[in-house]
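Coordinate inspection notes
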Amino acid sequence: MACATNASADSLERLHEDLEAANMAPTWKYISSFISKSPRVGYRPWLWKWDEVIPLLMRSGELITPDRGAERRSMEHVNPDLGFSYSASHTIATAFQLVRAGERAPAHRHAAGAIRFAARSHGGAVYTKVQGERLMMEENDLLLTPSGMWHEHANETAHDIVWLDVLDFPLVNLLQASMFQPGEGQVAPDRPDGFSNERLGLFRPPKDFPYPEAHPVLRYPWTQMREALHSMGREAEDRHEGVLLEYVNPLTSGPTLPTLSCRAQLLRGGMRTAARRSTSSTVYFVIGGEGATVIDGVTFPWARGDVFVVPPWSWHEHAAGSGEAYLFSATDKPVMQALGLFRSESFEENGGHQAVLSSFRA
Ligand code: GTQ
Ligand code: FE2
């Protein structure tokens, strides 16, 4: 549109001032401020080394006890650009949580949905109780605590456990929808062990729908995921991901949680993926093996237990070391898809590989 054809520069300036005073903004002046050509990403990729953060978690083991006062003994991974939201990505938060031998953490529920990934477990009677159902935590198992469900943790074994929490609270807070309620005699009645997995399985009689909740409580055993990854065969190997499987909601075949899709991927020894970027953000946890991810030209070397974040619209490619590597990840892709905002691109130059400029913190 032609500007100020009939108005002098002075009258236009006065119009701009009057608009501002009326709490209006002229689109012709500001459109590029609110409709950018590509995503304006407000934070960096980052990497947290297991060896650096776990000693800090252990120190809290002596100083903090999970009770109504401390609620949880966990530590959030805070992206240096997202301090205000206490999170690794703008939509996804991760934390390491320690529950020592013999401890329990009290019941509560919140609007934020969460998952647990049992990073270091000796198995046995260590579990999260969700809506009255105990979900046992063998090493690398995935457990869900969907939005609004009562959950408490217990470690009745002789070994400490450390797990990775993944929560959608940054998104919930962005939407200004947070709720929190401590459990005071109003937690859900007990359900037998195996209630979710056995009843849901893959088949059910048409009328037997045991879930008043919109989402099943569920445990995804690592032994089964690992086996599934290996059974996929070479043809399932994707040039961008290696072999990747999503943890699905068996009621809907949809994502793990409405806000989060959890995945596990296998990178065979020496595998180097082609770079890609998308409008979703993803937080990774290294289940096992060694390798590196190049994000926007910076190498992030990783090993077992490390956590790293790939912000939206950032080129990323993975490389496994000489042995197999397994990555767990949580992405907000289902949110972007639900809103019609998911886009992705592959890096076409140089055989799909970025030029590497530097190494993280090197
Ligand atoms: O274990 O319920 O890391 O409510 C943050 C908030 C863990 C939990 C976190 C939580 C929990
Ligand atoms: Fe919680």
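Structure's up top.
Right, let's walk through the structure included here. If you're wondering where the values come from, they're calculated on a predicted model, not measured in any experiment.

Rules behind the numbers
Residues numbered from 1 in each chain as written. Chains lettered and ligands numbered in written order. Predicted model: local features only at pLDDT ≥ 70, side-chain atom pairs only at ≥ 80, totals over all residues. Heavy atoms only, no water. Buried < 20%, exposed > 50% of the residue type's maximum accessible area, 1.4 Å probe, protein only. Helix = DSSP H or I, 4+ residues; strand = E, 2+ residues; numbered from the N terminus. Pairing = 2+ DSSP bridges. Near = heavy atom within 4 Å. Polar contact = N/O pair within 3.5 Å; in protein donor to acceptor, adjacent residues only side chain to side chain. Areas by Shrake-Rupley, 256 points an atom, 1.4 Å probe, with all protein chains shown as cover. Nonpolar A, V, L, I, M, F, W, Y, C, P; charged D, E, K, R; others polar. Donors = N, O, S within 2.8 Å, 3.2 Å for Na, K, Ca; no water. Patch = residues over 30% accessible without salt bridge, like charges linked within 9 Å, V, L, I, M, F, W, Y side chains within 5 Å. Salt bridge = Lys/Arg side-chain N within 4 Å of Asp/Glu carboxyl O.

Remarks on the pairing of strand β6 (residues 126-130)
For β6, a buried count of 5 out of 5 residues is recorded, marking the element as mostly surrounded by other parts of the structure. Burial along β6 is two-sided: Val126, Thr128 and Val130 facing one way and Tyr127 and Lys129 facing the other are all buried. One ladder, built from 5 bridges, connects β6 with strand β9 (residues 151-155); its direction is antiparallel. Bridge pairing in β9 links lysine 129 to glutamate 152. By the bridge criterion, 4 bridges tie β6 to strand β7 (residues 133-136) in an arrangement that is antiparallel.

Here we look at the site of ligand 1
Around ligand 1, a shell composed of Arg72, Ser74, Glu76, Ala95, Gln97, His108, His110, Arg116, His151, His153, Asp165 and Leu167 is seen. At 3.0 Å, a side-chain N or O of arginine 116 approaches an oxygen atom of ligand 1. Between ligand 1 and the protein, one listed contact pairs an oxygen atom with a side-chain N or O atom of histidine 151 at 2.9 Å. Here ligand 1 loses 89% of its free accessible area of 290 Å² to cover by the protein chains. Mapped by element, the contributors of at least two residues to the shell around ligand 1 are β2 (74-76), β3 (93-99), β4 (104-110), β9 and β10 (161-167). Partitioned by chemical class, the residues of the shell around ligand 1 number 2 nonpolar, 6 polar and 4 charged.

Some words on the coordination of the iron ion (ligand 2)
Distances from the iron ion (ligand 2) to its protein donors, namely His108 (NE2), His110 (NE2) and His151 (NE2), fall within the range 2.1 Å. The sequence pattern formed by the donor residues of the iron ion (ligand 2) is H-x1-H-x40-H. Of this pair, histidine 110 sits in strand β4 while histidine 151 is found in strand β9, placing the two residues 41 residues apart along the sequence.

Brief notes about a nonpolar patch on the surface
Among the surface-exposed residues, Tyr30, Ile31, Phe34 and Ile35 lie close enough to one another that they form a single nonpolar patch of about 390 Å² accessible area. Relative to the assigned elements, isoleucine 35 resides in the loop between α2 (27-34) and β1 (46-48). By relative accessible area, isoleucine 35 is classed as exposed at 57%.

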